[in-house]
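# Overview (structure and organization)
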Amino acid sequence: MQHYREEEAQVPKDDRPDVSVVIPIFNEEEALPHLAKALRGALEKLDRTWEVILVNDGSSDDSQARMDEAAREDARFIAIHLRRNFGQTPAMSAGFDHARGDIIIAMDADLQNDPRDIPKLLEKIDEGYDCVSGWRKDRQDDWLTRIVPSRIANWLISTVTGVRLHDYGCSLKAYRREILEDVQLYGEMHRFIPALARWAGASITEVVVDHH
């Protein structure tokens, strides 16, 4: 998946963590300090080692500076800067390429996903599932413009793929590393990873997560 270029990727090679959290970033300078604090608060409670990979998808604001600041303050935060805006799927793919954990968690940067839900996903992975998808059961979005189109899309995707999930659009998901190695991403396919993983033989489940 080498369809991107990096400006900087300071990724330590030793001491592989148990969990990698991959977060695409595009113009999130205001959210990033709060995101870093929330992630540390949630991840430090885990009985696992971890890293956070922040992928700057060509932001035009001060996201790069905020990301570099988080990486300087905590070596478990890794900043990767793409040369331009490639889109969420290539940015996520870049993060997956650099993730070293046995379990890889993807989430958004805007704090609509709650890092405190990460343990819920890990519990399901520990039960033996290969992919755990978040379900924003109580979505905090406009009913007519966001929720209704989303439900229609989820029904269509579930029907076409045969992999029935309530919320394909939720970025908060957990994967075993070996499952992602069998999934080729392109275009805007990150939402379809559970279906692609099922076709590769993965076991899939979902858990209810918060939506802010």
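First, a word on scope: everything that follows refers to the structure included in this document. Note that this is a predicted model, so its numbers are computed, not measured.

What counts as what
Residues numbered from 1 in each chain as written. Predicted model: local features only at pLDDT ≥ 70, side-chain atom pairs only at ≥ 80, totals over all residues. Heavy atoms only, no water. Axes fitted to C-alpha atoms, helices over the stretch in contact; angles between N-to-C directions. Helix = DSSP H or I, 4+ residues; strand = E, 2+ residues; numbered from the N terminus. Parallel < 35°, antiparallel > 145°, perpendicular 65-115°, else oblique. Left-handed = near helix turned anticlockwise from the far one by under 90°. Contact = heavy atoms within 4.5 Å. Nonpolar A, V, L, I, M, F, W, Y, C, P; charged D, E, K, R; others polar. Polar contact = N/O pair within 3.5 Å; in protein donor to acceptor, adjacent residues only side chain to side chain. Phe/Tyr/Trp six-rings, centres within 6.5 Å; stacked < 30°, edge-to-face > 60°. Buried < 20%, exposed > 50% of the residue type's maximum accessible area, 1.4 Å probe, protein only. Lys NZ or Arg CZ within 6 Å of the ring centre and 35° of its normal. Core = buried A, V, L, I, M, F, W, Y, C linked by side-chain atoms within 4.5 Å. Pairing = 2+ DSSP bridges. Right-handed = clockwise from strand over helix to strand, strands pointing away.

A few words now on the packing of helix H1 (residues 32–43) against helix H2 (residues 63–73). Where H1 contacts H2, the two axes come as close as 9 Å, and the packing angle between them is 30°. Relative to H2, the element H1 is oriented roughly parallel. For H1 against H2, the interelement crossing comes out right-handed. Contacts from Leu32, Pro33, Ala36 and Arg40 of H1 reach H2 at Ser63, Arg66, Met67, Ala70 and Glu73. The residue inventory of the contact of H1 with H2, partitioned by class, reads 5 nonpolar, 1 polar and 3 charged.

With that out of the way, let us pick up the side chain of Asn113. As for its position among the elements, Asn113 is in the loop between strand S5 (103–106) and helix H4 (118–126). Polar contacts involving the side chain of Asn113 include one to the main-chain amide nitrogen of Asp108, which spans 3.0 Å. Once residues lying within four places of it in the same chain are set aside, the contact partners of Asn113 are Met107, Asp108, Cys170, Ser171 and Leu172.

Moving on to the packing of aromatic side chains. Tallied over the entire structure, the rule returns 2 aromatic pairs. For the ring pair Trp50 and Phe77, a centre distance of 6.0 Å and an interplane angle of 90° mean the geometry is edge-to-face. With Trp50 in strand S3 (residues 50–56) and Phe77 in strand S4 (residues 77–82), the pair connects residues that are 27 residues apart, well separated along the chain. We note that Trp50, like Phe77, is buried. With a centroid separation of 6.1 Å and an interplanar angle of 75°, the aromatic rings of Phe96 and Tyr175 are classed as edge-to-face. Taken together, the residues Phe96 in helix H3 (residues 88–98) and Tyr175 in strand S7 (residues 173–176) connect sequence positions 79 residues apart. Residue placement shows Arg84 over the ring face of Phe86; its charged tip is 4.0 Å from the ring centre.

Grouped together as the largest cluster of nonpolar side chains are 31 residues, with contacts concentrated most on Val21, Ile23, Leu39, Val52 and Ile105. Mapped by element, the contributors of at least two residues to this core are strand S2 (19–25), H1, S3, H2, S4, S5 and H4. The dominant element in this core, judged by the number of residues it contributes, is H1, at 5 residues. Residues contacting Val21, with those up to four places away along its chain left out, are Leu39, Leu43, Glu51, Val52, Ile53, Ile105, Met107 and Ile118. In terms of nonpolar packing, the next biggest core, distinct from the first, is built from 24 residues, Ile53, Ile104, Cys131 and Ile204 among them.

Successive residues of a regular strand alternate their side chains across the two faces of the sheet. In terms of residue burial, S2 counts as a mostly covered element, since 7 of its 7 residues are buried. Judged by which residues are buried, S2 turns out to be covered on both faces: Val19, Val21, Ile23 and Ile25 on one side and Ser20, Val22 and Pro24 on the other are all buried. Here S2 runs beside S3; their pairing, made up of 7 bridges, is parallel. When the sheet's bridge partners are listed, Ile23 is paired in S3 with Leu54. A crossover links S2 with its parallel partner S3, the connecting element being H1, and its sense is right-handed. Here S2 pairs with S5 via 4 bridges, running parallel.

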